[in-house]
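Structure at a glance
So you can see what is in the structure, the chains are spelled out below.
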Amino acid sequence: MSSALTDLFPHPIVQAPMAGGVSVPQLAAAVSDAGGLGFLAAGYKTADGLYQEIKQLRGLTGRPFGVNLFMPQPEHADPAAVEVYAHQLSGEASWYETELGDPDSGRDDGYDAKLAVLLDNPVPVVSFHFGVPSSEVLESLRRAGTFTLVTATTAEEALAVQRAGADAVIAQGVEAGGHQGTHRDIPENDGTGIGLLSLVGQIRETVGIPVVAAGGIMRGSQIAAVLAAGAAAAQLGTAFLATTESGAAPVHKQALTNPLFVRTELTRAFSGRPARGLVNRFLREHGRYAPAAYPEIHHLTSPLRKAAAKAKDAQGMALWAGQGHRMARELPAGHLVEVLVAELADARTALSVFPKGDELR
């Protein structure tokens with residue numbers, strides 16, 4: 001692992017930035033104070049909202065932390081397809097007694113304004129999702145003293161990350177909850193994602209920058225596995241979603257281990273981009289019809305998701321979760337880090353005493 005990264009946090013545990021109100025300052029602070037790397041998610045926030053959260057987080061911890069940005073998305077959605085999907089969702093709007101959102105509410109997520117906040121008030125780490133920032137942006141953050149990471153879902157994407165000048169790459173396996181961080185949204189590629197261990201191996205053989213492994217990791221033994229595969233650290237999202245400090249709705253936390261929700265699926269139903277969530281009524285009824293249209297569908301369904309959450313109706317919410325969701329533990333975030341570190345140590349000890357090949361004959 002690059003010393004520039006290891007110097008920031010003693011344990012190889014990164015709390016994934018989860019947009020939509022999950023990655024609140026209290027969660028990031030608890031993880032960072034416990035020796036991991038806490039993260040804020042700038043996605044769907046205003047630039048001022050991001051500034052205020054950074055200010056609040058700095059008041060909670062003196063440890064390093066990170067901020068995640070969504071890359072602006074190109075215009076490729078078919079307006080007619082969005083309109084057809086909106087018509088299909090009209091019954092949902094009636095059921096939840098709300099209006100559908102405006103699909104044309106903006107597509108750059110305030111990227112430039114948020115980047116300006118991070119350059120004026122530098123933070124230790126910044127990561128990017130849904131694409132690769134320009135070399136100029138990465139260099140400007142480096143001059144500000146910020147360590148940069150970019151998500152990749154293939155070895156080819158990881159190579160683009162390295163060429164742009166990022167300090168490290170986040171290898172996101174198909175097991176990961178929430179949105180897949182593909183650099184280009186290609187519908188023909190739906191369902192062709194790569195499993196995490198294979199992806200880490202491919203990326204390690206393709207690039208020379210550190211790799212952070214993300215996707216379905218819930219236990220210290222799994223952290224040991226990705227470290228053995230060549231990762232420098234592990235990024236966990238769903239594991240921290242269930243913690244005390246997480247900003248996720250209680251009904252979302254409960255659904256992770258609720259026997260009613262037995263599996264996850266990649267879907268475009270809620271946002272128009274592939275994202276992994278628990279299979280519920282909304283996903284089953286609408287997933288197959290949702291067009292490739294992000295962030296248009298995200299804006300369109302936003303009032304529905306908010307209304308379902310207000311009604312505590314898990315069947316209408318976007319219950320983002322990774323494939324390991326049934327292993328979620330409702331613990332304080334700092335305690336979870338301690339447990340993961342202990343499990344990692346146990347796994348390493350077990351590996352060190354495992355009989356060598358000759359002794360197995």
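Below, the structure is looked at part by part. Along every chain, residues carry numbers that run from 1 in the direction the sequence is written. Whole-chain, interface and lining totals are the exception, using all residues; otherwise, since this is a predicted model, local features are given only for residues with pLDDT of at least 70 and side-chain atom pairs are given and counted only at 80 or more. Note that water and hydrogens are dropped before the side-chain values are worked out from all heavy atoms of the structure.

1. Side note on empty space enclosed by the protein
Which entries qualify depends on this criterion: In this analysis the probe radius is 1.4 Å and the grid spacing 1 Å, with only protein atoms considered; a cavity is a set of points the probe fits into but cannot get out of, a pocket is an open set with protein on both sides within 12 Å along at least five of seven lines, and lining residues have an atom within 4 Å of a point. Grid points are joined across faces, edges and corners, and a volume is the space filled by probe spheres set on the points. Amino acid classes used here: Ala, Val, Leu, Ile, Met, Phe, Trp, Tyr, Cys and Pro are nonpolar; Asp, Glu, Lys and Arg are charged; the rest, including Gly, are polar.
Scanning the entire structure with this criterion turns up 1 cavity of 30 Å³ or more. Approximately 50 Å³ is the volume attributed to the largest cavity. Leu5, Phe9, Val14, Leu37, Phe39, Leu149, Ile170, Val212 and Gln235 together form the lining of the largest cavity. Considering only residue class, the lining of the largest cavity consists of 8 nonpolar, 1 polar and no charged.

2. Digging into helix H3 (residues 47-60)
Cut-off, in case you're wondering: Where helices and strands are cited, they refer to DSSP runs of H or I of at least four residues and of E of at least two residues respectively, numbered from the N terminus. Here the expected length of a helix is defined as 1.5 Å per residue gap, with one fewer gap than residues. Burial classification: accessible surface area is computed with a 1.4 Å probe over protein chains only, and a residue below 20% of its type maximum counts as buried, one above 50% as exposed, and the rest as partly exposed. In this description, the arc belongs to the directions extending from the helix axis to the C-beta atoms.
A rise of 1.5 Å per residue sets the reference length of H3, with its 14 residues, at 20 Å; its end C-alpha atoms lie 20 Å apart and thus fit the reference within 8%. Within H3, burial applies to Ala47, Leu50, Glu53, Ile54 and Leu57. Axial view of H3: buried residues confined to an arc of 120 degrees, hence all on one face. More than 90 degrees from the buried face of H3, the exposed residues found are Lys55 and Gly59.

3. Regarding the nonpolar core
What tends to happen in soluble globular proteins is that the nonpolar side chains get buried as a cluster. Stated formally: Buried residues of nine kinds, namely Ala, Val, Leu, Ile, Met, Phe, Trp, Tyr and Cys, make up a nonpolar core once their side-chain atoms join them within 4.5 Å. Whether two residues touch is decided by their heavy atoms; if any such pair falls within 4.5 Å, the residues are in contact.
The biggest cluster of nonpolar side chains holds 101 residues, and the ones touching the most others in it are Phe128 and Phe240. Among the elements that make up this core, the one with the highest residue count is helix H15 (residues 333-352) (6 residues). If near-sequence neighbours (up to four positions away) are discounted, Phe128 is found in contact with Asn68, Leu69, Met71, Tyr111, Pro133, Val137, Leu138, Leu141, Leu149, Val150 and Thr151. With 14 residues, the next largest nonpolar core counts Leu5, Phe9, Leu37 and Val125 among its residues.

4. Concerning the sheet that holds strand S5 (residues 147-152)
How we decide: Here, any two strands with at least 2 DSSP bridges between them count as paired. For helices, the fitted axis covers only the stretch in contact; all axes are lines through C-alpha atoms, and the angles between them, taken along N-to-C directions, range from 0 to 180 degrees.
Here we have 8 strands laid out as an open sheet, ordered S1-S9-S8-S6-S5-S4-S3-S2, and parallel in their pairing. At either end of the open sheet lies a strand with only one pairing partner, and these are strand S1 (13-15) and strand S2 (38-41). Averaged over all neighbouring strand pairs, the angle between strand axes comes to 25 degrees, with direction disregarded. Sheet topology places strand S4 (residues 125-129) next to S5; 4 bridges connect them, and they run parallel.

5. What about the pairing of strand S6 (residues 168-172)?
Burial runs high along S6: 5 of the 5 residues are buried. Here 4 bridges tie S6 to strand S8 (residues 211-214), and the two strands are oriented parallel to one another. When the sheet's bridge partners are listed, Ala171 is paired in S8 with Ala213.

6. Things to note about the layout of surface pockets
The space that makes up the second largest pocket amounts to roughly 550 Å³. Along its surface, the second largest pocket is lined by 27 residues, and Asn189, Asp190, Gly191, Thr192 and Pro274 are the ones closest to its centre. For the lining of the second largest pocket, the secondary structure elements donating two or more residues are strand S10 (264-267) and helix H13 (281-286). With 3 residues, S10 is the single largest residue contributor to the lining of the second largest pocket. The residue inventory of the lining of the second largest pocket, partitioned by class, reads 7 nonpolar, 10 polar and 10 charged.

7. Focus on the packing of H3 against helix H6 (residues 111-120)
The cut-off we apply is this: Roughly parallel here means an angle under 35 degrees, roughly antiparallel means over 145, roughly perpendicular means 65 to 115, and every remaining angle is called oblique. We call a crossing left-handed when the near helix sits turned anticlockwise from the far one by less than a right angle, and right-handed when that turn is clockwise.
With their axes 8 Å apart at the nearest point, H3 and H6 run at an angle of 30 degrees to one another. With respect to H6, the element H3 is oriented roughly parallel. Once H3 is placed against H6, the crossing between them reads as right-handed. The segment H3 lies against H6, with Ala47, Leu50, Tyr51 and Ile54 engaging Ala113, Lys114, Val117 and Leu118. Taken together, the residues of the contact of H3 with H6 sort by class into 7 nonpolar, no polar and 1 charged.

8. Looking at the packing of aromatic side chains
What counts, and what does not: Only rings of Phe, Tyr and Trp enter the pairing, Trp through its six-membered ring, and a pair is recorded when the two centres are within 6.5 Å. The plane angle decides the type: under 30 degrees is stacked, over 60 is edge-to-face, the rest tilted.
Applying the stated criterion to the full structure yields 5 aromatic pairs. Ring centres of Phe270 and Phe282 lie 4.7 Å apart, and the angle between their planes is 20 degrees; this geometry places the pair in the stacked category. One end of the pair, Phe270, is in the loop between S10 and strand S11 (275-278); the other, Phe282, is in helix H13, with 12 residues separating them in the sequence. Put simply, the rings of Tyr44, Phe70, Phe130 and Tyr294 pair up and form one aromatic cluster.

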